[in-house]
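# Structure assessment
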Amino acid sequence: MTRVVLRGAFLIANVTKLEQRLGAIAATSPVQADLSAVGRIDTSAAWALATLQLRIEQAGQSFEVCGASDKVASLLRTVTDALPRIESQPPVRTSLRDRIETVGRAVTQAAQFVLDLIRYYGLFLSRLGRALRHPSEFRLTALVHHCEDVGLRAVPIVALMSFLIGVVLAFQGATQLRQFGAEVFVVDLLAISILRELGILLTSIVVAGRTASAYTAAIGSMKMREEIDAMRTLGLDPAMTLFVPRILALVLMLPILGLVADLMGLFGGGLMAWIDLGISPAMFTTRLVEGTDVSHVFVGMIKAPFFAVIIGIVGCHAGMQVKSNAESLGRMTSNAVVTAIFAVIVADAVFSIVFGQIGI
Amino acid sequence: MDSPPNSDVIIRLRGIRNQFGRHVVHDGLDLDVHRGEILGVVGGSGTGKSVLLRTITGLQTPVAGRIEVLGTDVRTADEDTRVALERRWGVMFQDGALFSSLNVRENVEVPMRAVPGLDPGLRGRLADLKVSMVGLPYLAGDKFPSELSGGMRKRAGLARALALDPELLFLDEPTAGLDPIGAADFDTLIHGLSRSLGLTVFLVTHDLDTLHATCDRIAVLAENKVLVTGTMKDMLRVDHPWVHEYFHGPRARAADASAKGPGDR
């Protein structure tokens, strides 16, 4: 028979040592644990004793505790009763088939996502049509509110950004063109790149970051608090009350913001051309008007409403995907921004190809 | 005020005053909690039950007053004393307040990481024991908080609060949001654990069944202070409109009947 005598306090701080000592006891003979000299003891030490007991008894030997005070005995009983029964989860095996299936699922999910966005686009159009037929259902106040939020409040950041882009473009262009003595073409460079591409694209990216996230957060938190469900039970259509004013506000405001960006970009570029290359404002204007066709402005501006719809739909769609927990709100908000920016750039690439093919 | 035979005071509050702006929540609040008892704190909405719990655990600094927990003055204690003190108590928040990026086992392990020299493998097995002690199945240890039901999250939160074998346990609305069966199970669990582990429990609740099933003593918060403390029997004799209404209302009678029920049969 093996006798184990414990003396003093056994707490979590020294349980590692206790567990090692108890683990070294061979399960070949009956064990008696003498706890009469135990002072303080906590559940971790009781756990070490309980696992010893389990091991000894499983080996077919007897285990006996003696001299335990009522408190220690009660603790030991609680822990023995609560010893976790270790279950092992059936191992998940991934075969080649499963992996191929994962890829397939990802592809269908992506397709489903695109279809979903198209469905939301259709929803927006149908509700817009309904608003035209029944103007009383349309929320003008909400539209004005969102226009202010999306348009007016975004002017400073958009203006500053495109001004700086103009400055950088003029500066970089000047250093390259100077090698050929063709400094004056900086004006053409600025006009074509800003008016056709950069003005509206960069504005859309800023707006996607600013507004798509705001839409997702606003609609998502309404979804989280079941406000959307409440609207439905009250006979209010979320698409009409929430999506139409928001997307329409973007469609109205993004071209204006794009125009602001064009002007500020040209202003920044002109300023830099004047300082760095000595092209006077008068010369800059003349060159701009003579050398640049006004079609460049239209080519840039025609894209704005498309980008606006993309940003608005992505933002509203992501908001509706929010589940009832805060993590999904955060995840969908960042998803919305990434998707909106990506979709805007893809659309811009498509526009470039189309315009290139038809020769504008 | 009657007190249990072992009247060793573990929490002593004197003249606590809490206010938010001009809104006074507590004014001149006194309270004693004795070792080994389960004290239930009740009061109407907005009487500052949770604020009181936050005040004792140091999450809310009172404007005035003295807080002594386990013989230490919480407000004047230095950093090291406070850290040592915090290891001797456990707090379970309303919805468990589990760390969402960790699974249940890792959540329970968090307080144990502060123990020097504790073997990581052993730590995991001790965490499994705590998870099992609060009545969760073994496999729940691998789950993340978002995969658990409200009742399981509360249990996991309790397991984390018990990780370092605290002497003192704070529970904020332990049965709020549970179905009656889950709530009754939780009451039994708290009562059983506090007795077998020798815990002192400070419990904030609305639930009359919990008061009946678990609490040794009840403290009623009203009029910015602890209006009255005592056993359930004492409460029934108190002649204050709110207290009378609370302990004699239709819900109170139902809770009383169900608490007495098994004994009568």
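Structural data are supplied above this passage.
Residues numbered from 1 in each chain as written. Chains lettered and ligands numbered in written order. Predicted model: local features only at pLDDT ≥ 70, side-chain atom pairs only at ≥ 80, totals over all residues.

## Observations concerning the overall build of chain B
The secondary structure content of chain B amounts to ten helices and ten strands. Its C-alpha atoms give chain B a radius of gyration of 19 Å, within 12% of the compact-globule value 18 Å for 265 residues. Each principal axis of the C-alpha distribution contributes one length, and for chain B these read about 55 × 50 × 40 Å. The 265 residues of chain B split such that 43% are buried. Excluding contacts between residues fewer than 6 apart, the proportion of contacts in chain B whose partners are at least 24 apart in sequence is 67%. (Helix = DSSP H or I, 4+ residues; strand = E, 2+ residues; numbered from the N terminus. Rg over C-alpha atoms; globule rule 2.2 N^0.38 Å. Buried ≥ 20, exposed ≤ 12 C-beta atoms within 10 Å, placed from the backbone. Contact = placed C-beta atoms within 7 Å.)

## Thoughts on the interface of chain B and chain A
On the chain A side, the residues contacting the 20 residues of chain B number 23 residues. Sorting elements by how many residues they give to the side of chain B that touches chain A places helix 4 (residues 120-133) of chain B first, with seven residues. In terms of residue class, the side of chain B that touches chain A is built from eleven nonpolar, six polar and three charged. (Nonpolar A, V, L, I, M, F, W, Y, C, P; charged D, E, K, R; others polar.)

## With respect to the packing of helix 11 (residues 295-320) of chain A against helix 12 (residues 326-358) of chain A
Residues and elements named next belong to chain A. Interaxial distance between helix 11 and helix 12 falls to 9 Å at its minimum, and their mutual angle equals 155°. As the angle between them shows, helix 11 and helix 12 are arranged roughly antiparallel. When the axes of helix 11 and helix 12 are compared, the crossing they make is right-handed. On helix 12, the residues touching Val299, Lys303, Phe306, Phe307, Ile310, Ile311, Val314, Gly315, Ala318 and Gly319 of helix 11 are Met332, Asn335, Ala336, Thr339, Ala340, Ala343, Val344, Ala347, Asp348, Phe351 and Phe355. For the contact of helix 11 with helix 12, the class distribution of residues is 15 nonpolar, four polar and two charged. (Axes fitted to C-alpha atoms, helices over the stretch in contact; angles between N-to-C directions. Parallel < 35°, antiparallel > 145°, perpendicular 65-115°, else oblique. Left-handed = near helix turned anticlockwise from the far one by under 90°.)

## Some words on unusual backbone geometry
All names here are of chain B. Located in the positive-phi region is Asp165, a residue other than glycine, with phi close to 50°. Within the secondary structure, Asp165 is located in the loop between helix 5 (150-161) and strand 7 (168-172). Backbone geometry at Glu223 places phi at a positive 50°, although glycine is not the residue there. Along the chain, Glu223 turns up in the loop between strand 9 (217-222) and strand 10 (225-230).

## A closer look at the environment of A:Val155
Residues and elements named next belong to chain A. Looking at the element boundaries, Val155 is found in helix 6 (residues 155-178). Look at Val155 and you get partly exposed, because 15 C-beta atoms sit within 10 Å. Separated by 101 residues in the primary sequence, Val155 and Ile256 place their C-alpha atoms 9.3 Å from one another.

## Side note on the environment of B:Arg66
All names here are of chain B. You can see Arg66 is positioned in strand 4 (residues 64-69). For Arg66, a count of 15 C-beta atoms within 10 Å translates into the label partly exposed. Between the alpha carbons of Arg66 and Gly15 there is a distance of 6.6 Å; along the sequence they are 51 residues apart. Not counting residues up to four positions away in its chain, the partners in contact with Arg66 are Arg14, Gly15 and Asp73.

## Things to note about the sheet that holds strand 10 of chain B
Note: strands within a sheet are paired through backbone hydrogen bonds, in either parallel or antiparallel orientation. Residues and elements named next belong to chain B. Spatial ordering of the open sheet is given by 6-7-8-3-9-10, a layout of six strands whose pairing is mixed. On the outer flanks of this sheet lie strand 6 (89-92) and strand 10, each paired with one strand and no other. Across this sheet, the average inter-strand angle for adjacent strands is 15°, counted without regard to direction. The pairing of strand 9 with strand 10 spans five bridges and is antiparallel. Note on strand 10: the bridge partner recorded for Val220 is Val228. (Pairing = 2+ DSSP bridges.)

## Considerations on the environment of B:Thr229
Residue and element names in this part refer to chain B. With respect to the element layout, Thr229 can be found in strand 10. The exposure class of Thr229 is buried, given the 21 C-beta atoms found within 10 Å. As a C-alpha pair, Thr229 and Pro62 span 167 residues in sequence and 22 Å in three-dimensional space.

## Details of the pairing of strand 2 (residues 31-41) of chain A
Residue and element names in this part refer to chain A. Note that strand 1 (residues 2-10) and strand 2 share seven bridges and pair parallel. Within strand 2, the residue paired with Arg3 across the bridge is Gln32. Once the chain exits strand 1 it traverses helix 1 (residues 15-23) before rejoining the sheet at strand 2, and the crossover so formed is right-handed. Both strand 2 and strand 3 (residues 63-66) contribute to a ladder of four bridges, which runs parallel. (Right-handed = clockwise from strand over helix to strand, strands pointing away.)

## Overview of helix 2 (residues 43-58) of chain A
All names here are of chain A. Between its terminal C-alpha atoms helix 2 stretches 22 Å, which fits the 22 Å expected from 16 residues at 1.5 Å a residue. All of the buried residues along helix 2 are Thr43, Ser44, Ala45, Ala46, Trp47, Ala48, Leu49, Ala50, Leu52, Gln53 and Ile56. Just past helix 2, the residue Gly60 takes up positive phi, approximately 85°. (Expected span 1.5 Å × (residues − 1).)

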